[in-house]
Amino acid sequence: MTSSTSVREKPAHPGEPDLPEAPAPAGDPFDKDDLPAPPGATRTLLLSLLAPLRGRVVLATVLLLVQQAVVQAGPLLVAYAIDRGVPAVRAGDHGPLIAVGIGYLLCAALSGGLQYAFIVASARVNQDVLLDLRGRIFRHAQALSVDFHERYTSGRLISRSTTDVESLRELLSEGLQELITVLLSFLYISVMLLWLDLGLGAVAVASFVPLYLLVRLYQRRAGALFRDRSTAIAAVIVKFAETMNGIRPVRAFRRERANDAEFAVLNSRHERTNGSAMLEMARYVIGSRLVANIAVAGIVLWGAYRVADGGLALGVLAAAVLYLRRLYDPIDRLGMFLNSYQSAAASLEKIAGLLAQTPTVPEPPAAVTRPLPALESAHPGREVRFDGVRFAYRTGGEVLPRFDLTLPAGQTVAVVGSTGAGKSTLAKLLARFYDPTEGSVLLDGVDLRELSGAELRRGVVMVTQEAFLFSGTVAENIAIGRPDATREDIEHAAKAIGAHDFIMSLPDGYDTDVRKRGGRISAGQRQLVAFARALLADPAVLILDEATSSLDIPGERAVQRAMHTVLRGRTAVVIAHRLSTVEIADRVLVMEHGRVVEDGAPAELVAGSGSFADLHRAWRDSVVS
Ligand SMILES: Nc1ncnc2c1ncn2[C@@H]1O[C@H](COP(=O)(O)OP(=O)(O)OP(=O)(O)O)[C@@H](O)[C@H]1O
C-alpha cells in the first residue's frame, strides 16, 4: 500500500483537524476571534431580548425612580431639623424634631421596601434575558451549517456562551442597577442642590464637566482594552478546548511542552490585557477623586464664609455637604460599572456577530419543499444523481470541477482515491452538509435543496468515522436513529447488527451509561452501535466514511458483517479503506482531483491495468505480509 492511496490513517477523534485547511483569503473574518456584527445589531439584540419583558422593565424602572427620590429626602430632613427643629426645641416645641425623626424612619422603611421590590423585579428580568440569550446561542449555533463549524472552533462557541454571557450577567445583576442609581442620584441631587442654594448647586453642577470628560476618556481607552481582554480570554479557552479534545495526539506526539509554552503565551497575554484595563481604571479613579475633592473643598469653604456672613443657613450647608458626599462617593464605583458595561458591550457585540450568521445550507421554506416519490420496491434504496455539480469550499479552489454521476437505487458503491481527491467532499454534498456551487444533487429526481429537513434525514444518513456516542445510555444512543423507537425495535436493530451480545455483557446492558465507568466501549463496538443507529433510522441512502483505525480480526469481522446488514437494499456510498469492503461493493469509483477516473465492478477493475488494479495489488500484499 502506498502512502498516497486512500488508505490513509485519519485522525479518529473529534476536534482534531482532519484535513490541511486551505489558506483563508486575506481579511477572512473567521481568522479573528469575533465575527463582525452588522451596524446596530447589538442594540437590536438587546432590544429583542428586553421586548418580551417590557412590563417588568417599566415596573423595575418606576420602582428605582421612586426609591431614589425617597432616599434623597434624607439630607433635606437634616436641614429642616437643624434650621427649624433645633430653634423650636430651644423654644420648648419638640413637634418639628419628632416629625423629622418619624419622617426619616418612614423614608428608610419605604426606601427599603421599594429596593426589595426592585431587586425582585430586576432579578426576574435578568434571569429571563440570560435564559433567552443562552438558548438563542445554542439553537443558532446548532442550526448553522457544517461549513460554519468547520471554521469557527468549538472553543470560540464555548467562550460566547460562557464568558460572554457571564459578563452580561455581571452587568445586569450588579453593574446596571448601580449605574442607573448613580445617574439618577446625579440628577436628583443636582436639582436639590440648585433648589437649596443656586450658587452651591451651580458649583456642584460645574464639576460635572471635568467628570464627564474623564468618563469619556476612560470609556474610549478602556473600550479597546476590554475588547482585547475578551479576545485574549477567548484564545485561552480555545487553546484549552483544542488541547483537551486532541489529548490523544498530544500524548502521541509529545506535544505537552510545546502546548505549555503556547498556553503560557496566551495566558500572559490575557494577564497583560487585564493589567492594562486595571491600570486605566486606577487612573480614572484617581482623576475623578481629585475633581470631587476640589469641588467639595471649594463648596465647604465658600459655604462656611457665607454661613459666617449670615448669607446661608447652617442647615442648608449641612444638607449640601451630605448631598455632595452622596454625589461623589459612588464615583469610584462608577468606573467599575463602566468596566462591566464596557466588557458586556464587547461581549454582546461578539454574540450579535455570531447570531447574525445565517446557515449557508438553509432549509427550504415549506412552500417550496417537494416530497420524495413513494418507494416502488420493498427495499428502501433511491436513485442518487449528481447533475453538473461543481463545488469549491469558501476558502479554497475548486474541489469538484463539473461532476456527473448516477447511482441506481440499491447499489453499493465504494469510493477510493488518493488523499485529498474529493471523496469526503462528495459524501458531504450528498448528505447536504454543503450545497453545490453549481448544478444539483438529486434523490429520486428531487433536488436535495427542495427536501424538508425531516425528509432529507429520512432520505440520507451519514455515518462518520468516529462513530460519535452522546452522553446517555447505549439504548438512547441507538434510538437517535429513530427517537420514537421502542426498546424492542432497539434490541431488534442491535441483534441484526450483532451488537446485542456485547451490549448485554455491559454492567447495565442497554441501560449502561456510555460515559460512565464500566460503560467504556471499544472502537469496533462504537461502530456497531453507530450501525444499529443507522439501521433503525432506515435511510434510503447511507453514506459510510469507513473508519481506518485497525480493529482486531474478530472485531473487523463483526464490523464487516454488520456493514453487510446495514447496507442491504439501500443505495450506499462507502468511502472505503478496507479491501474487504471494496470486494462487497457492486461498483468502485476511483477519484483523482475531484474526478472519477475509473468506474466499474470490483473484479473488472482488478483485472484491468488502471490505478485501482495497482492499489488492489498493494492492498493484497499488505494483507498477506
Ligand atoms: N472544510 C474545508 N475547507 C476548505 N477546503 C477543504 C475543506 N475540506 C476539504 N477541503 C479540501 O478539499 C479537497 C478534497 O478534500 P476531501 O476531504 O474531499 O478529500 P478526500 O478524498 O476525502 O481525502 P481523504 O481521503 O484524505 O479524506 C482537499 O484539497 C482539501 O484540502
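Residues numbered from 1 in each chain as written. Predicted model: local features only at pLDDT ≥ 70, side-chain atom pairs only at ≥ 80, totals over all residues. Heavy atoms only, no water.

An unreviewed UniProt entry lists the protein under the name ABC transporter ATP-binding protein, from Streptomyces kanamyceticus. Checking UniProt for the protein, the heading Sequence similarities (unreviewed entry) contains the comment "Belongs to the ABC transporter superfamily. Lipid exporter (TC 3.A.1.106) family." A UniProt comment under Subcellular location (unreviewed entry) is attached to the protein, and it reads "Cell membrane". (UniProt positions renumbered as here; feature names shortened; annotations may be inferred.)

Draft legend 1. Expanded view of the sheet that holds strand β5 (residues 446–447). Read from one edge to the other, the open sheet built from 4 strands follows the order β2-β1-β4-β5, with strand pairing classed as antiparallel. Every other strand in the sheet has two partners, leaving β2 (398–407) and β5 as the edge strands with one partner each. Pairing analysis gives 6 bridges linking strand β1 (residues 384–392) to β2, with the strands arranged antiparallel. Among the inter-strand pairings, V384 is bridged to a residue of β2, identified as L407. Here helix α13 (residues 423–430) sits on the sheet and contacts β1, β2 and β4 (438–443); the angle it forms with β1, its principal contact strand, is near 115°. (Pairing = 2+ DSSP bridges. Helix = DSSP H or I, 4+ residues; strand = E, 2+ residues; numbered from the N terminus. Contact = heavy atoms within 4.5 Å. Axes fitted to C-alpha atoms, helices over the stretch in contact; angles between N-to-C directions.)

Draft legend 2. Seen up close, the UniProt feature "domain: ABC transmembrane type-1" (unreviewed entry) in the protein. Per the UniProt entry, the sites bearing "domain: ABC transmembrane type-1" (unreviewed entry) are residues 58–343 in this numbering. Across residues 58–343, the secondary structure splits into 93% helix and 0% strand, with the terminal C-alpha atoms separated by 25 Å.

Draft legend 3. Spotlight on the packing of helix α6 (residues 154–196) against helix α7 (residues 198–206). Look at α6 against α7: their axes get within 5 Å of each other, and the N-to-C directions meet at 150°. Regarding the angle of α6 to α7, the classification is roughly antiparallel. Seen from above, α6 lies across α7 with left-handed handedness. Only L198, G201, A202, A204 and V205 of α7 make contact with α6, whose side of the interface consists of S190, L193, L194 and L196. (Parallel < 35°, antiparallel > 145°, perpendicular 65-115°, else oblique. Left-handed = near helix turned anticlockwise from the far one by under 90°.)

Draft legend 4. Inspection of the sheet that holds strand β7 (residues 541–545) at higher detail. Strand order across the open sheet formed by 6 strands is β6-β7-β8-β3-β9-β10, with mixed pairing between neighbours. Strand pairing shows two members of the sheet lacking a second neighbour, β6 (460–463) and β10 (595–600), which therefore form its edges. Pairwise comparison of adjacent strand axes, ignoring direction, gives a mean angle of 20° for this sheet. In this sheet, strand β8 (residues 571–575) lies alongside β7 in parallel orientation, the contact comprising 5 bridges. In the strand pairing of β8, L544 is matched with V574.

Draft legend 5. How the structure looks around the layout of surface pockets. Looking at the second largest pocket, its volume works out to about 740 Å³. What lines the second largest pocket is a set of 29 residues, and nearest its centre among them are L46, L50, L171, L172 and L176. Residues of the lining of the second largest pocket, tallied by class, amount to 19 nonpolar, 7 polar and 3 charged. (1 Å grid on protein atoms, 1.4 Å probe; cavity = no way out; pocket = protein on both sides within 12 Å on 5 of 7 lines; lining within 4 Å. Points joined across faces, edges and corners; volume = space filled by probe spheres on them. Nonpolar A, V, L, I, M, F, W, Y, C, P; charged D, E, K, R; others polar.)

Draft legend 6. Region of the structure containing the pattern of salt bridges. The tally for this structure, following the rule as stated, stands at 26 salt bridges. Taking the shortest distance from any N to any O, the salt bridge between E262 and K239 comes out at 2.7 Å. One end of the pair, E262, is in helix α10 (residues 256–309); the other, K239, is in helix α8 (residues 208–245), and 23 residues separate them in sequence. Overall, the relative accessible area of 9% leaves K239 in the buried class. A salt bridge links R570 to D538, with the nearest nitrogen and oxygen atoms 2.8 Å apart. Linking R570 in the loop between α19 (553–567) and β8 with D538 in the loop between α18 (523–537) and β7, this pair joins segments that are 32 residues apart in sequence. According to the relative accessible area criterion, R570 is buried, its value standing at 4%. In the salt-bridge network here, residues are joined through shared partners; they are R221, E280 and R283. (Salt bridge = Lys/Arg side-chain N within 4 Å of Asp/Glu carboxyl O. Buried < 20%, exposed > 50% of the residue type's maximum accessible area, 1.4 Å probe, protein only.)

Draft legend 7. Quick peek at the pairing of β1. The hairpin formed by β1 and β2 contains 5 residues between the paired strands. Here 5 bridges tie β1 to β4, and the two strands are oriented antiparallel to one another. Each residue of the ladder has a partner; that of F386, found in β4, is V441.

Draft legend 8. Inspection of the packing of α8 against helix α12 (residues 331–355) at higher detail. The contact between α8 and α12 brings their axes to 9 Å, and the two run at 45°. Relative to α12, the element α8 is oriented oblique. Taken as a pair, α8 and α12 cross one another with a handedness that is right-handed. On the side of α8, the interface is formed by L211, V215, Y218, Q219, A222, G223, F226, R227, R229, S230 and T231, while α12 contributes I331, L334, G335, L338, N339, Y341, Q342, S343, A346, E349 and K350.

Draft legend 9. Structural view of the environment of W302. When you line up the elements, W302 lands in helix α10. Considered as a pair, W302 and R402 are 100 residues apart in the sequence and their alpha carbons are 87 Å apart.

Draft legend 10. Molecular detail of the side chain of H500. Structurally, H500 is set in helix α17 (residues 500–504). Look at H500 and you get buried, because its relative accessible area is 17%. Here the side chain of H500 touches Y510 through a polar contact of 2.7 Å, side chain to side chain. Not counting the four nearest positions on each side in its chain, H500 is found in contact with E491, A494, K495 and Y510. (Polar contact = N/O pair within 3.5 Å; in protein donor to acceptor, adjacent residues only side chain to side chain.)

Draft legend 11. Representation of the packing of aromatic side chains in the model. If you walk through the whole model with that rule in mind, you get 9 aromatic pairs. When the centroid spacing of 5.4 Å and the interplanar angle of 70° are considered together, the rings of F391 and Y434 count as edge-to-face. Separated by 43 residues along the polypeptide, F391 in strand β1 and Y434 in the loop between α13 and β4 bring together distant segments of the chain. Here Y434 falls in the buried class, since its relative accessible area comes to 8%. Linked through ring pairs, F391, Y393 and Y434 together constitute an aromatic cluster. (Phe/Tyr/Trp six-rings, centres within 6.5 Å; stacked < 30°, edge-to-face > 60°.)

Draft legend 12. Quick look at the domain arrangement of the protein. Annotation of the protein at the domain level lists domain 1 (52–355) and domain 2 (379–624). The straight-line distance from the C-alpha centre of domain 1 to that of domain 2 is 56 Å. Per-residue buried area on domain 1 facing domain 2 is highest for V146, D147 and R151; these three make up 73% of the total on that side. Summed over the shared surface of domain 1 and domain 2, the result is 1 salt bridge. The partner of K428 in a salt bridge is E150, and the shortest N-O contact between them spans 3.3 Å. Counting across the domain 1 and domain 2 interface gives 2 residue pairs in polar contact (both at pLDDT 80 or more). Classifying every residue of the side of domain 1 that touches domain 2 by side-chain character gives 1 nonpolar, no polar and 3 charged. (Domains from an automatic or database assignment. Buried area = accessible area lost by both parts, 1.4 Å probe.)

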